[in-house]
Amino acid sequence: MTRGFYHSQLSRPGAVLAPMAGYSDAPMRQLAAEAGALWTVSEMISARGLVLGNEGPDLTLGRPYAGETNRVVQLFGAESEILAEGARRALGWFGAAAIDLNMGCPVPKVRGRGGACLLQTPELACTLVTAMRQAVDVDVSAKIRLGWDSVRAVEVAQGLEAAGAALITVHGRTSAQRYNGEADWDAIAQVAASVRIPVVGSGDVRDLKALRRRQRSGVAAVMVGRGAVGNPWLFAQAAGTRADAPDAAERAQMALRHARLNAEWYGEHRGLMQMRKVLPQYFPQRPEWREALVHLETLAAVQDALECLTGTTFGAADAGCGMLPAPARYDRVRS
């Protein structure tokens, strides 16, 4: 029985890595976890795909890296039986520390199948959470927005609490806003004050200054998404284990390690194609380097480019990445 995961993790300071399609994969989760993230959340996975589709225990979106712990698996869907069985499979196959229901994704392809659409039918959302909670012996949580096209997050959060959610994450925008405008942290604070379970706040946390400000908003923790891309040090700073910012050499070393992790996880070609959107973000103060970093096709080319741009000389200690192949099944894994 592993109920109480969130309560345990929130006993120390820190921040949480958000679920981000195309970003919060195993390599990024590993770097965030090593830096001190309270927990990480997988990319969103279709419960219907797990139960009725062709997805299995080798699904890359759900598969943990070897030794991964403190990883929450996020599911989306709108059917109680499917989500309950999806939660069971996510737990058995992927060794999830907790299961999260996505109620915040605003993209059109998810509409009618869960995501932010559930904010229009909070009674259904509560039924889904209850079904998931009854299906697994780990914490079940939900990630919501402030509402569909108007703010009703307090009402939704109170219903989810009554349904058995162990934690709620609130992104400070409505679904209609997508990612436009500023996240409303006053509204997030109102949600946190309205329920007895922990509330995690999310939205526009791009740097340490913003993170510190949001930690004082009455939330149990802060979730970081785009601000963590190319910046795993933010989790160490949030945990209080690091105060200084990385210099160019350290950024180059981490960027190379991230590229190596990607190459081992996906294969060199695919892994480096995906790194093209990430590598420039390791050097936010040097936008002129972007062009040199978005066309690299081999690890050798990545290393050469980083050495040339930053003046860093990589040694033997930079050669390995520390990720081992994950086992095929996780029937008895508990994080």
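Conventions adopted
- Residues numbered from 1 in each chain as written.
- Predicted model: local features only at pLDDT ≥ 70, side-chain atom pairs only at ≥ 80, totals over all residues.
- Heavy atoms only, no water.
- Helix = DSSP H or I, 4+ residues; strand = E, 2+ residues; numbered from the N terminus.
- Contact = heavy atoms within 4.5 Å.
- Areas by Shrake-Rupley, 256 points an atom, 1.4 Å probe, with all protein chains shown as cover.
- Lys, Arg positive; Asp, Glu negative; His and termini not counted.
- Charge placed at Lys NZ, Arg CZ, Asp CG, Glu CD.
- Patch = residues over 30% accessible without salt bridge, like charges linked within 9 Å, V, L, I, M, F, W, Y side chains within 5 Å.
- Salt bridge = Lys/Arg side-chain N within 4 Å of Asp/Glu carboxyl O.
- Core = buried A, V, L, I, M, F, W, Y, C linked by side-chain atoms within 4.5 Å.
- Buried < 20%, exposed > 50% of the residue type's maximum accessible area, 1.4 Å probe, protein only.
- Disulfide = S-S within 2.5 Å.
- Axes fitted to C-alpha atoms, helices over the stretch in contact; angles between N-to-C directions.
- Parallel < 35°, antiparallel > 145°, perpendicular 65-115°, else oblique.
- Left-handed = near helix turned anticlockwise from the far one by under 90°.
- Nonpolar A, V, L, I, M, F, W, Y, C, P; charged D, E, K, R; others polar.
- 1 Å grid on protein atoms, 1.4 Å probe; cavity = no way out; pocket = protein on both sides within 12 Å on 5 of 7 lines; lining within 4 Å.
- Points joined across faces, edges and corners; volume = space filled by probe spheres on them.
- Phe/Tyr/Trp six-rings, centres within 6.5 Å; stacked < 30°, edge-to-face > 60°.

## A few points about the overall build of the chain
Reasoning step 1: The secondary structure content of the chain amounts to 13 helices and nine strands.
Reasoning step 2: Overall, the chain is about 55 × 40 × 35 Å in size when its C-alpha atoms are taken along their principal axes.
Reasoning step 3: Taking the contacts inside the chain whose residues are at least 6 apart along the sequence as the reference set, 70% of them involve residues at least 24 apart.
Reasoning step 4: Per element, the accessible surface of the chain, about 14,000 Å² overall, is 50% carbon and sulfur.
Reasoning step 5: Placing the 37 positive and 33 negative side-chain charges of the chain at their respective mean positions leaves the two points 3 Å apart.

## Remarks on a positive patch on the surface
Reasoning step 1: A cluster of basic residues, Lys209, Arg212, Arg213 and Arg216, forms a positive patch at the surface.
Reasoning step 2: The topology assignment puts Arg216 in the loop between helix H8 (208–215) and strand S9 (221–224).

## Topic: the nonpolar core
Reasoning step 1: Ranked by internal contacts, the top residues of the largest apolar core, which has 107 residues, are Trp39, Ile99, Met103 and Leu160.
Reasoning step 2: Among the elements that make up this core, the one with the highest residue count is helix H4 (residues 80–94) (eight residues).
Reasoning step 3: Setting aside chain neighbours within four positions, we find Met103 in contact with Gly115, Ala116, Leu118, Leu119, Ala125, Ala142, Lys143, Ile144, Arg145, Val156 and Leu160.

## Structural notes on the state of the cysteines
Reasoning step 1: Under the counting rule described, the total for this entry stands at zero disulfides.
Reasoning step 2: No disulfide involves Cys126; its sulfur sits 16 Å from that of Cys117, the nearest cysteine.
Reasoning step 3: Overall, the relative accessible area of 15% leaves Cys126 in the buried class.

## Focus on the packing of helix H5 (residues 122–135) against helix H6 (residues 153–163)
Reasoning step 1: Interaxial distance between H5 and H6 falls to 8 Å at its minimum, and their mutual angle equals 30°. Between H5 and H6, the angle is such that the two are roughly parallel. In the crossing of H5 with H6, the sense of the turn from one axis to the other is right-handed. Each of Pro122, Ala125, Cys126, Val129, Thr130 and Arg133 in H5 lies in contact with H6, whose residues at this interface are Glu155, Val156, Gly159, Leu160 and Ala163.
Reasoning step 2: Partitioning the contact of H5 with H6 into residue classes produces seven nonpolar, two polar and two charged.

## A short note on the layout of surface pockets
Reasoning step 1: As a volume, the largest pocket reaches approximately 830 Å³.
Reasoning step 2: In this structure, the largest pocket is lined by 35 residues; those nearest its centre are Pro19, Met20, Ala21, Lys143 and Tyr179.
Reasoning step 3: Each residue belonging to the lining of the largest pocket can be placed in one class, and the counts come to 18 nonpolar, nine polar and eight charged.
Reasoning step 4: There is about 340 Å³ of room inside the second largest pocket.
Reasoning step 5: Along the wall of the second largest pocket there are 16 residues; nearest its centre are Arg206, Gly227, Asn231, Arg251 and Pro284.
Reasoning step 6: Taken together, the residues of the lining of the second largest pocket sort by class into six nonpolar, six polar and four charged.

## Topic: the pattern of salt bridges
Reasoning step 1: By the definition in use, this model includes 12 salt bridges.
Reasoning step 2: Among the salt bridges present, the one from Arg88 reaches Glu85, with a minimum N-O distance of 2.9 Å. Pair noted here: Arg88 and Glu85 are both in helix H4, with a separation of three residues, about one helical turn.
Reasoning step 3: Judged by relative accessible area, which is 41%, Arg88 ranks as partly exposed.
Reasoning step 4: Across the pair Arg242 and Glu250 runs a salt bridge whose closest N-O atoms are separated by 2.7 Å.
Reasoning step 5: What makes Glu250 partly exposed here is its relative accessible area of 26%.
Reasoning step 6: Linked through salt bridges whose partners overlap, the residues forming this network are Glu85, Arg88 and Arg89.

## Considering the packing of aromatic side chains
Reasoning step 1: Inspection of every chain in the model, using the stated rule, returns six aromatic pairs.
Reasoning step 2: A ring pair is formed by Phe283 and Trp289, whose centres lie 5.2 Å apart and whose planes are at 65°; its orientation type is edge-to-face. The two residues Phe283 and Trp289 agree in class, both being buried.
Reasoning step 3: A network of ring pairs unites the aromatic residues Phe5, Tyr6 and Trp39 as a single cluster.

## Digging into unusual backbone geometry
Reasoning step 1: With phi around 55°, Asn70 is a residue other than glycine that occupies positive phi space.
Reasoning step 2: As for its position among the elements, Asn70 is in the loop between helix H3 (47–51) and strand S4 (71–76).
Reasoning step 3: Positive phi, close to 65°, is recorded for Asp204, a residue that is not glycine.
Reasoning step 4: Mapped onto the elements of the fold, Asp204 is located in the loop between strand S8 (199–202) and H8.
Reasoning step 5: Taking the relative accessible area as the measure of exposure, Asp204 reaches 26% and is therefore partly exposed.

## Some remarks on the packing of H6 against helix H7 (residues 185–194)
Reasoning step 1: Put simply, H6 and H7 touch, their axes get as near as 9 Å, and they point 35° apart. In the crossing of H6 with H7, the sense of the turn from one axis to the other is right-handed. Across the interface between the two elements, Ala153, Val154, Ala157 and Gln158 of H6 pack against Gln190, Val191 and Ser194 of H7.
Reasoning step 2: Within the contact of H6 with H7, the residues separate by chemical class into four nonpolar, three polar and no charged.

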